[in-house]
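Close look at the chain arrangement
If you want the building blocks of each chain, they are given just below.
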Amino acid sequence: MLFTPEHALSINRRTFLDRSFAGIGGMALASLVARTNASQTPWPGTYDNVLHYAPKAKRVIHLCMAGGPSHLETFDHKPELTKLDGQPFPESFTAGQQLAQLQGKKLTARGAVAGFSQHGQSGLWISDLFPHLAGVADELCIINSMKTEQINHDPAHAFFNTGSIVKGRPSMGSWMLYGLGAETEELPGYVVLVSHPGQGNSAQPISSRQWSSGFLPSKFQGIQFQSKGNAVHFVGNPEGVCQSTQRQLIDEIQKLNQHLRSSRVDPEIDTRISQYEMAFRMQSSVPELTDMSGESQSTLDMYGLEQPGDGSFASNCLLARRMLERGVRFVQLYHRGWDHHGGIEKQMKVSAKSSDQASAALIKDLKERGILEDTLVIWGGEFGRTPMGQGSGRDHHINAFSIVLAGGGVKSGMSYGATDELGYGVAENPVSVHDLHATMLRLCGIDDARYTYKFQGLDFKLSGVEPAKVVEDILA
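Parameters at a glance
Residues numbered from 1 in each chain as written. Predicted model: local features only at pLDDT ≥ 70, side-chain atom pairs only at ≥ 80, totals over all residues. Heavy atoms only, no water. Helix = DSSP H or I, 4+ residues; strand = E, 2+ residues; numbered from the N terminus. Polar contact = N/O pair within 3.5 Å; in protein donor to acceptor, adjacent residues only side chain to side chain. Contact = heavy atoms within 4.5 Å. Axes fitted to C-alpha atoms, helices over the stretch in contact; angles between N-to-C directions. Nonpolar A, V, L, I, M, F, W, Y, C, P; charged D, E, K, R; others polar. Salt bridge = Lys/Arg side-chain N within 4 Å of Asp/Glu carboxyl O. Buried < 20%, exposed > 50% of the residue type's maximum accessible area, 1.4 Å probe, protein only. Parallel < 35°, antiparallel > 145°, perpendicular 65-115°, else oblique. Left-handed = near helix turned anticlockwise from the far one by under 90°.

Some remarks on the environment of Lys454
Assignment of secondary structure puts Lys454 in strand S16 (residues 453-455). Note: C-alpha distance between Lys454 and Phe215 (239 residues apart in sequence) is 9.4 Å. A polar contact of 3.1 Å, which involves the side chain of Lys454, links it to the side chain of Asp459.

So, in structure tokens, the structure goes:
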């Protein structure tokens, strides 16, 4: 049988085993972190081999605004909706359409709670709630014609992450890591951080299945770091235990697992071997990663960060930049608090304020350090909000929403696609979630149609069964 940390515990009950393997094991060991050099990446499309296309993006950061931010208060300017505010919403838009909690109820138009202005040489329309993102307008590619298939949060997140609502499918971060590997052996190749939503906003639960590796080998799943306090529990050795002792123990365990590997074909054996090595290296790499004492005051001020490691979105953005610099392939930052069924006029300001400055700072910081050009930034939620009011808020909406891209080979200072005059449905250049996945893969040098994994006799793809469309018009 496979020799695991639990077996080590049964053999040696010393405190340092309990703390090191149960602590790091809760995150790095038991979470099945991979050693990510090219020889361990089963798909042949690595940077050491030939990709389908020349990659423009080497890494991806997904700023997930969990809860469904309203496109009508962010990047989709609809003056006609403002004129119709308080009046009955035209039935011609909604007849036969799927609504969430507004189904069968009287529908009243609701104008945007904030004004819009044009910004940059590109003249992009951006809500006045986002002055910092407006300041980097010429770096942004705004897609105002997104559509999705799922109208409730958890399945919508699953669909955005995996291209399916069926449990057990790999997340897009896992697909990326599986295909490309990582550029570091000191940290996981796919890391997730979840921030606090901001004062007064509710924090929707985010299931860990959103960063699961599904049917891919488990060493490709996302690893959640803690946003507040120690990023990894028990990352240091207990008192009286030195690195050489830890190293000796791991070497002996690895010999047992290598012996089993020689007699059995099981990818989880490779995973277990790699997780011991990764955990050992993380004992030095994680403290160095999270030590922000070397960051200048001007950098902290740019992010609007008062206390590094305070669990805020700003702190996570700065930590994410440090991860990207150190070779992490895919980073996801979940920022909750965008489910504005009520109180949108007040809560939208809270959500925008807690995310706007740090999002813009991350883009500026990446550009100043010369890595924005090969880092794809994705900003947005799982769906949009209705142009009809729901009390003092807006309901879930799948027929139209906005996503923002930056860097990584996309055109800058442009808006793509359009909704109708009231922001209800897509009127020009629709983009599905599968299209977005195909475009992301293309930017990373991968043809989504040829990028498959055989499972239970079927060839699965991130971009689904039906052919997906790469949005060629936004590629630089």
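Next comes the rest of the write-up.
Structural notes on the side chain of Ser70
Here Ser70 shows up in the loop between strand S1 (59-65) and helix H3 (79-83). A polar contact is formed between the side chain of Ser70 and the backbone nitrogen of Leu72, at a distance of 3.1 Å. Not counting the four nearest positions on each side in its chain, Ser70 is found in contact with Ile344, Met348, Arg385 and Arg394.

Points about the side chain of Arg442
Position of Arg442 relative to the elements: it lies in helix H13 (residues 433-443). Side chain to side chain, Arg442 and Tyr53 meet in a polar contact 3.2 Å long. In contact with Arg442, not counting residues within four places along its chain, are Tyr53, Val470, Glu472 and Leu475.

Looking at the packing of helix H6 (residues 153-162) against H13
Between H6 and H13, the shortest axis-to-axis distance is 8 Å and the interhelical angle comes to 30°. Here Phe159, Phe160, Asn161 and Thr162 of H6 come into contact with H13, specifically with Val433, His434, Leu436 and His437. Tallied by class, residues from the contact of H6 with H13 come to four nonpolar, four polar and no charged.

Observations regarding the pattern of salt bridges
Counted according to the given criterion, the structure contains 19 salt bridges. Asp374 is the partner of Arg59 in a salt bridge, and the nearest nitrogen-oxygen pair spans 2.7 Å. Of the two residues, Arg59 sits in strand S1 while Asp374 sits in the loop between helix H12 (344-368) and strand S8 (375-380), which places them 315 residues apart along the sequence. Both residues of the pair, Arg59 and Asp374, count as buried. Arg369 is paired through a salt bridge with Glu295; the nearest N and O atoms lie 3.9 Å apart. Taken together, the residues Arg369 in the loop between H12 and S8 and Glu295 in the loop between helix H9 (267-290) and helix H10 (297-303) connect sequence positions 74 residues apart.

Thoughts on the packing of helix H11 (residues 313-325) against H12
For any two helices packed against each other, the geometry is given by the interaxial angle and the distance between the axes. Close contact between H11 and H12 brings their axes to 8 Å; oriented N to C, the two are set at 20°. In this view, H11 runs roughly parallel relative to H12, as classed from their interaxial angle. The element H11 and its partner H12 pack so that their crossing is right-handed. Where H11 approaches H12, its residues Phe313, Ala314, Cys317, Leu318, Arg321 and Leu324 are matched on the opposing element by Ser354, Ser355, Ala358, Ser359, Leu362, Asp365 and Leu366. Class assignment for the residues of the contact of H11 with H12 results in eight nonpolar, three polar and two charged.

Re unusual backbone geometry
Phi is positive for Asn429, which is not a glycine, with a value near 55°. Its location among the elements puts Asn429 in the loop between strand S14 (426-428) and strand S15 (431-432). Here the phi dihedral of Gln456 falls at roughly 55°; this positive angle occurs in a residue that is not glycine. As for its position among the elements, Gln456 is in the loop between S16 and strand S17 (458-460). Looking at Gln456, the relative accessible area reads 68%, which means it is exposed.

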